[in-house]
Amino acid sequence: MSKLTELTEKLWTEYFNGDEEKVCHLLDILCEDVRVIGTGKHEFYENLHDFRNAVWKEIEERKNITFQFRDLRCEEIRLSDEISLVYGNVTINWENDDRTVAINMDSRISILYKKYDGKWKIIHIHQSNPNQEQLSGEYYPKTLVDQVKTANQKIESLTKLATIDGLTELINLRTFKEKYGEYRKKAAWLFVIDIDEFKRINDQYGHLKGNQVLIELAKILTSAIRENDLVCRMGGDEFILLCTEIKEERHAESLAERLLDNVCRRSDGEIPMFGISIGITRIEPGEPLEGAFKRADHALYNSKKSGKGRYSICYQTI
C-alpha cells in the first residue's frame, strides 16, 4: 500500500468517526482553495473555510452516531512527480438503538493530492453514490462517463462532417483546398471528373440509384490512385484527383484511360450503367489551385464537347 493510499484510508476513517482532534489533522492537510464535492445536492465547497464550517456542523449533528466501515479500499495513480490521484470505494453502515433509522451507503471516493514545498496537500475531494449501471472498477459516476463519451462522439461526428463528404466518405472540397497547400511545393497532375448525363440517371432510376453511382465512382477513383494522392468529391457529380507521383504526360494519359476502362468494365448489375468525362492539367510547383482548376475544367468541357466518355489535357492558362 502506498503512502498516500494509507493516508487516504486513515483520513476517511477519522472523518466518519467524528473525532474532533483527528478531524483537525485532516483539515490541516487540505489546501486553502480545495474543492469538495459530496453526495448531497448542495454539498459543494470551493475553499477550506466553507468546508471546515460544514464539517464542524456535521460533526455536531452526529455526535451520537458511530459509523461502521465495510470494504474501504483505495488505489493510487501517480500522474506526475507532484500530482497523484487516490480513488476507491467505501460502504458505510449505521443503525440507531431502536433500529428505526439505518444507513447503508455505498460510495465512490477520489482525492487529488498536490505536492507543495515537499509536502502533499489535498486540492480536490469527490464522494459520489454510484450509478446503478456503474461497474465495480469505476470510481466516478457512470453517467458522467457517458456524457463525456457522448460529447466526444459528437465532436468526432461534427469534425467528420466538416471534412468528409457524407455520401462517398471522400474528403470534401473545403478539405481538398486545405490539403492542397501541402502539395504546392511539388509538381502534380490535376484531374477533374464528371459523370456523363447524371441528371438522366436520376430521372430514370431515381436519386437512390444515383447515389449508388456516386459511391461506385468514388470506389473506382480511390482504388486507382496511390496512398499519397488526393481524391475529393467536389459536389454534385464532380470529383477531383490530385496525383503527385505522375511525372510525364503519358502517365497521366495512362491513368485517365484506366479510369475510363474501369468504369466501363463494372460488373455490379444493381447499379445503372454510367460513363465519365475527364479534364486534366499539369500543376507547377507553387502554383495556386484556382488557375490549375480553370485549365482542368476547360479540358473537361472539351471532353464533353467532343462526345463524352473521354479525356482531354489543357496546358494553356485560361
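The paragraphs below set out a description of the structure included in this document. (Residues numbered from 1 in each chain as written. Predicted model: local features only at pLDDT ≥ 70, side-chain atom pairs only at ≥ 80, totals over all residues. Heavy atoms only, no water.)

### Looking at the overall build of the protein chain
Within the protein chain, the regular secondary structure consists of nine helices and 11 strands. The burial tally for the protein chain puts 40% of its 318 residues in the buried class. Taking the contacts inside the protein chain whose residues are at least 6 apart along the sequence as the reference set, 59% of them involve residues at least 24 apart. Just so you have it, the protein chain exposes about 18,700 Å², and 48% of that area is on carbon and sulfur atoms. (Helix = DSSP H or I, 4+ residues; strand = E, 2+ residues; numbered from the N terminus. Buried < 20%, exposed > 50% of the residue type's maximum accessible area, 1.4 Å probe, protein only. Contact = heavy atoms within 4.5 Å. Areas by Shrake-Rupley, 256 points an atom, 1.4 Å probe, with all protein chains shown as cover.)

### Details of the pattern of salt bridges
With the rule as written, the count across this model stands at 13 salt bridges. Where Lys199 meets Asp203, a salt bridge forms, and the shortest distance between an N and an O atom there is 2.8 Å. Note that Lys199 and Asp203 are positioned in helix H6 (residues 198-205) at a spacing of four residues, about one turn of the helix. When the shortest N-O distance is used, the salt bridge between Arg282 and Glu284 registers 3.0 Å. Residue Glu284 is classed as partly exposed on the basis of its relative accessible area, which comes to 39%. Taken together, the shared-partner salt bridges connect Asp194, Asp196 and Lys304 into one network. (Salt bridge = Lys/Arg side-chain N within 4 Å of Asp/Glu carboxyl O.)

### A closer look at the side chain of Ser312
Mapped onto the elements, Ser312 comes out in strand S11 (residues 311-313). The class for Ser312 is buried, based on a relative accessible area of 14%.

### A few points about helix H9 (residues 289-305)
With 17 residues, H9 ought to run about 24 Å at 1.5 Å a step, and its terminal C-alpha atoms sit 24 Å apart, in line with that. Turning to H9, its buried residues number three or more, namely Leu289, Ala292, Arg295, Ala296, Ala299, Leu300 and Ser303. Buried residues in H9, looked at end-on, bunch into an arc of 140°, giving them a common side. For H9, exposure combined with an orientation more than 90 degrees from the buried face picks out Glu290, Tyr301 and Lys305. Buried residues belonging to H9 abut helix H5 (173-183), strand S7 (188-195), strand S9 (238-243), strand S10 (276-283) and S11. Following H9 by one or two positions, Gly307 has its phi on the positive side, about 130°. (Expected span 1.5 Å × (residues − 1). Arc of directions from axis to C-beta.)

### Points about the packing of helix H7 (residues 207-224) against helix H8 (residues 249-264)
Two elements in contact, H7 and H8, have axes separated by 10 Å at closest approach and are oriented at 145°. Considering only the axes of H7 and H8, their crossing is right-handed. On the side of H7, the interface is formed by Leu217, Ile220, Leu221 and Ala224, while H8 contributes Leu255, Arg258, Leu259, Asn262 and Val263. Residue composition of the contact of H7 with H8, grouped by class: seven nonpolar, one polar and one charged. (Axes fitted to C-alpha atoms, helices over the stretch in contact; angles between N-to-C directions. Left-handed = near helix turned anticlockwise from the far one by under 90°. Nonpolar A, V, L, I, M, F, W, Y, C, P; charged D, E, K, R; others polar.)

### Here's the deal with the sheet that holds strand S8 (residues 230-235)
Spatially, S8-S9-S7-S10-S11 is the arrangement adopted by the five strands of the open sheet, whose pairing is mixed. The open sheet has two free edges, formed respectively by S8 and S11, since each of these has just one partner strand. Each neighbouring strand pair of the sheet contributes to a mean axis angle of 20°, computed without reference to strand direction. Here S7 runs beside S10; their pairing, made up of eight bridges, is antiparallel. Among the inter-strand pairings, Ile193 is bridged to a residue of S10, identified as Ile278. (Pairing = 2+ DSSP bridges.)

### Remarks on the pairing of strand S1 (residues 30-37)
By the bridge criterion, four bridges tie S1 to strand S6 (residues 119-128) in an arrangement that is parallel. Bridge pairing in S6 links Arg35 to His124. Sheet analysis places S1 next to strand S2 (residues 44-45), joined by two bridges and oriented antiparallel. Within S2, the residue paired with Val36 across the bridge is Tyr45.

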